[in-house]
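# Report on the structure
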Amino acid sequence: QAQLVESGGGLVQPGDSLRLSCAASGRTTSVYAMGWFRQAPGKERELVSAIRWIGGNTYYADSVKGRFTISRDGAQNTMYLQMNSLKPEDTAAYYCAEAEDNFYYFSDKRAYTHWGQGTQVTVSS
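Residues numbered from 1 in each chain as written. Predicted model: local features only at pLDDT ≥ 70, side-chain atom pairs only at ≥ 80, totals over all residues. Heavy atoms only, no water.

Within the protein, the secondary structure is distributed over zero helices and eleven strands. Starting at the N terminus, the α and β elements of the protein follow one another as β-β-β-β-β-β-β-β-β-β-β. The globule rule puts the C-alpha radius of gyration for 125 residues at 14 Å, and the 14 Å found for the protein is close to it. Projected onto its principal axes, the C-alpha positions of the protein cover 45 × 25 × 25 Å. When the 125 residues of the protein are sorted by exposure, 42% land in the buried category. Sequence separation of at least 24 residues holds for 58% of the intrachain contacts in the protein that already meet a minimum separation of 6. (Helix = DSSP H or I, 4+ residues; strand = E, 2+ residues; numbered from the N terminus. Rg over C-alpha atoms; globule rule 2.2 N^0.38 Å. Buried < 20%, exposed > 50% of the residue type's maximum accessible area, 1.4 Å probe, protein only. Contact = heavy atoms within 4.5 Å.)

In structure tokens:
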């Protein structure tokens, strides 16, 4: 498993954009998929977006579809989440995670077994 470090969170106004990054280091085996989760106060942790590493299939939660875009770099060791048209409802701690095998499909949160420490995104006027 790799060490996962998120960055890019912050305080922004509604309608602004933000890009989150997840850097993976020390990986010793191939990764099946990576995803972004978020957890807001009083809410369950939800899978926001995910990408299958080989093939590049993507998944988006209905709440962010059309506004967020997930991607990875050419070296396949960094994952990004471009967030546009941010809303106060997007306020949450955002976490990146890895799925190490394909027992569950990559859009199933049960696939993810290794997590970063999180980065806070706050959308407020």
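Next comes the rest of the account.
Next up on the list: the pairing of strand β9 (residues 92-99). On a regular strand, each side chain points to the face opposite its neighbour's, so the side chains alternate between the two faces of the sheet. Of all eight residues in β9, eight are buried, a share of seventy percent or more. Looking at chain direction, strand β4 (residues 33-39) and β9 are connected through seven bridges and run antiparallel. Looking at β9, one finds that Ala33 is bridged to Ala99. Note that β9 and strand β11 (residues 119-123) share three bridges and pair antiparallel. Along β11, the bridge assignment pairs Ala93 with Gln120. (Pairing = 2+ DSSP bridges.)

Formed by 27 residues in total, the largest nonpolar core has its most connected members in Trp36, Phe68, Met79, Leu81, Met83 and Tyr94. Breaking this core down by element, the ones donating at least two residues are β3 (18-25), β4, β5 (46-52), β7 (68-72), β8 (78-83), β9 and β11. A total of four residues in this core trace back to one element, the largest contributor, which is β3. (Core = buried A, V, L, I, M, F, W, Y, C linked by side-chain atoms within 4.5 Å.)

Turning to the sheet that holds β7, a few remarks are in order. Read across the sheet, four strands follow the order β1-β3-β8-β7 without closing on themselves; strand pairing throughout is antiparallel. Looking at which strands have only one partner, the edges of the open sheet turn out to be β1 (3-7) and β7. Neighbour to neighbour, the strand axes of the sheet diverge by 15° on average, direction disregarded. (Axes fitted to C-alpha atoms, helices over the stretch in contact; angles between N-to-C directions.)

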